[in-house]
Amino acid sequence: MPATAVVPARDELARRIAQADPERVVPGLYPGILKMAGRTLTGAGVVVMLSNAIAEHTRGPDGDNTSPPMYELLLMKLLPDFVHAIVDDEQVRADALAMLEKSAGPGRGHS
């Protein structure tokens, strides 16, 4: 059975994601990330929730993708920082980061 961790409550989660994004580069992602508050997630669950936050952020109100694909790729590169900020459990963090690395594809690893 995969390791799980409880994501911090909303106020703590908001504080952590603001620290992970000190220049406030992607505040549009915050509402989607805050949906994770208090949930018990596996590493894969963390990645899915973060990916959903990106999808919500890059799609228009009617569900059409309103952002260029490059923007979505750039947002994906920011996810490891959010994983480090959000996930306290070492195993769940490692699982999430490994999944992000795998999804990046060969030669396109996250920084």
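Residues numbered from 1 in each chain as written. Predicted model: local features only at pLDDT ≥ 70, side-chain atom pairs only at ≥ 80, totals over all residues. Heavy atoms only, no water.

Asker: Could you give an account of the nonpolar core, naming the residues involved and the relevant values?
Answerer: With 27 residues, the main nonpolar core has Ile-33, Met-36, Val-46, Leu-50, Phe-82 and Ile-86 as its most contacted residues. Sorting the residues of this core by element identifies helix H1 (10–20), helix H2 (30–34), helix H3 (43–58), helix H4 (69–86) and helix H5 (90–104) as the ones contributing at least two each. Every residue in contact with Val-46, bar those within four places of it in the chain, is listed here: Met-36, Leu-41, Val-83, Val-87, Val-92 and Ala-96. (Core = buried A, V, L, I, M, F, W, Y, C linked by side-chain atoms within 4.5 Å. Buried < 20%, exposed > 50% of the residue type's maximum accessible area, 1.4 Å probe, protein only. Helix = DSSP H or I, 4+ residues; strand = E, 2+ residues; numbered from the N terminus. Contact = heavy atoms within 4.5 Å.)

Asker: How would you summarise the packing of H3 against H5 if you had to cite specific residues and measurements?
Answerer: Axis separation between H3 and H5 bottoms out at 7 Å; the angle between their running directions is 55 degrees. Taken together, the axes of H3 and H5 are oblique relative to one another. Considering how the two elements wind past one another, H3 and H5 form a crossing that is right-handed. Touching Gly-43, Ala-44, Val-46 and Val-47 of H3 are Val-92, Asp-95, Ala-96, Met-99 and Leu-100, all from H5. Its residues assigned to classes, the contact of H3 with H5 shows 7 nonpolar, 1 polar and 1 charged. (Axes fitted to C-alpha atoms, helices over the stretch in contact; angles between N-to-C directions. Parallel < 35°, antiparallel > 145°, perpendicular 65-115°, else oblique. Left-handed = near helix turned anticlockwise from the far one by under 90°. Nonpolar A, V, L, I, M, F, W, Y, C, P; charged D, E, K, R; others polar.)

Asker: Residue-level account of the packing of H1 against H4, with values.
Answerer: Between H1 and H4, whose axes approach to 9 Å, the crossing angle comes to 140 degrees. Judged by the angle between their axes, H1 and H4 are oblique. The chirality of how H1 crosses H4 is right-handed. Of the residues in H4, those in contact with Leu-13, Arg-16, Ile-17 and Ala-20 of H1 are Asp-81, Phe-82, Ala-85 and Ile-86. Considering only residue class, the contact of H1 with H4 consists of 6 nonpolar, no polar and 2 charged.

Asker: With reference to specific residues and values, describe the pattern of salt bridges.
Answerer: Summed over the entire model, instances satisfying the criterion amount to 5 salt bridges. Arg-15 is the salt-bridge partner of Glu-12, the closest N and O atoms lying 2.5 Å from each other. With Glu-12 and Arg-15 both in helix H1 and 3 residues apart, the pair spans about one turn of that helix. Note on Arg-15: relative accessible area 41%, which makes it partly exposed. When the shortest N-O distance is used, the salt bridge between Glu-12 and Arg-16 registers 2.9 Å. In this pair, Glu-12 and Arg-16 both sit in helix H1, 4 residues apart, roughly one turn of the helix. Overall, the relative accessible area of 26% leaves Glu-12 in the partly exposed class. Where salt bridges share partners, they join Glu-12, Arg-15, Arg-16 and Asp-88 into one cluster. (Salt bridge = Lys/Arg side-chain N within 4 Å of Asp/Glu carboxyl O.)

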